[in-house]
Amino acid sequence: LMNAAGAQDVEPARITQHCDSVSLCFSKGLGAPAGAVLAGHREFVAEAWRVRKLLGGGMRQAGVLAAAARLGLEHAEATLRRDHDNARHFAEGIQELNSPLCSVNLATVETNIVMVSVKGGWASPAELCEHLRAVSEEELAETGQAVSVLLFPWSAHTVRAVWHRDVSARDTELAKNKLEFVARKCQE
């Protein structure tokens, strides 16, 4: 919700105005250690509260977690904008590679998620993910760096990359360079 609101430059309430209920996790893009909020009609929230207690989901002294969530909300706009910018930079790097092995549709990169199309040359997106995760002696010798990039094989021809508050602009540049290295080695 917060990533979508940031990308569209609207308040989250505008996106959820026609929803009966909304759940927002504070630990994902907002960086709180834990916590979520549920909003909806009074009866719905009361029933959710009852079921949560029934299943043992209560917490005591949760003020510290609430403070972290509040801090995350206060800094959400800047944090999420940075994540979106890093994702865009990575996607632009893929496009600049002009590789026959992978591509990205820049028009679809609006938030912190980049969907990378995997083309011929790779047996599967899982294989590309494994090459990006692994660090070889050849990579160390050639680049002087050991970089492990974690992406997710999303479908038969797609890999998903997601940015969050702990992935810096430097990390993004390293990931872009690693993809370039892997793509080049695959073509040799």
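The rules behind each value
Note that residues are indexed from 1 along each chain, following the sequence as it is written. Confidence filtering applies because this is a predicted model: local features only for residues at pLDDT of at least 70, side-chain atom pairs given and counted only at 80 or more, and all residues used for totals across whole chains, interfaces and linings. Derived side-chain values reflect all non-hydrogen atoms in the structure, with water molecules and hydrogen atoms excluded from consideration. Between N-to-C directions, angles span 0 to 180 degrees; the directions come from axes that are lines fitted to C-alpha atoms, helices contributing only their stretch in contact. Put simply, DSSP marks the helices as runs of H or I at least four residues long and the strands as runs of E at least two long, and each gets a number from the N terminus on. Here a crossing is taken to be left-handed if its near helix is turned anticlockwise relative to the far helix by less than a right angle, and right-handed if that turn runs clockwise. Any two residues having at least one pair of non-hydrogen atoms within 4.5 Å are treated as being in contact. Classes in brief: Ala, Val, Leu, Ile, Met, Phe, Trp, Tyr, Cys and Pro nonpolar; Asp, Glu, Lys and Arg charged; the others, Gly included, polar. Pairing between strands requires that DSSP locate at least two bridges from one strand to the other. Each residue is placed in one exposure class: buried if its accessible area under a 1.4 Å probe, protein chains only, is under 20% of its type's maximum, exposed if it is over 50%, and partly exposed if it falls in between. By convention a nonpolar core is built from buried Ala, Val, Leu, Ile, Met, Phe, Trp, Tyr and Cys residues, the set being connected through side-chain atoms within 4.5 Å.

Colleague: I'd love a proper account of the packing of helix H6 (residues 125-133) against helix H8 (residues 169-187), names of residues and values included.
Modeller: Axis separation between H6 and H8 bottoms out at 10 Å; the angle between their running directions is 115°. Considering the relative orientation of H6 and H8, their crossing is right-handed. Counted together, Leu128, His131 and Leu132 of H6 and Lys178, Leu179 and Val182 of H8 form the full contact between these two elements. Looking at the contact of H6 with H8, its residues break down into four nonpolar, one polar and one charged.

Colleague: How would you summarise the sheet that holds strand S3 (residues 102-103) if you had to cite specific residues and measurements?
Modeller: With antiparallel pairing, four strands are arranged side by side in an open sheet as S3-S4-S6-S5. Strand pairing shows two members of the sheet lacking a second neighbour, S3 and strand S5 (152-155), which therefore form its edges. Sheet analysis places S5 next to strand S6 (residues 158-162), joined by three bridges and oriented antiparallel. Residue phenylalanine 152 lies in a different strand from S6, and its bridge partner there is arginine 160. Strand contacts of H6: strand S4 (113-118), S5 and S6, with the helix running at about 165° to S5, the strand carrying the most contacts.

Colleague: Could you give me a rundown of the side chain of threonine 172, with the residues and numbers involved?
Modeller: As for its placement among the helices and strands, threonine 172 is situated in helix H8. In this structure threonine 172 comes out as buried when scored by relative accessible area, which is 1%. The contact partners of threonine 172, leaving out residues within four places of it in the chain, are Asn86, His89, Phe90, Trp163 and Val167.

Colleague: Account for the nonpolar core, with residues named and values stated.
Modeller: Counting 29 residues, the largest nonpolar core has Phe90, Val114 and Leu128 as the members making the most contacts within it. Among the secondary structure elements, those contributing two or more residues to this core are helix H5 (76-97), S4, H6, S6 and H8. The biggest single contributor to this core is H8, with six residues. Contact partners of valine 114, with chain neighbours within four places excluded, come to Ala87, Phe90, Ala91, Val104, Val109, Val159, Arg160, Ala161 and Trp163. Counting residues in hydrophobic clusters, the runner-up holds eight residues, among them Leu24, Phe26, Leu30 and Ala69.

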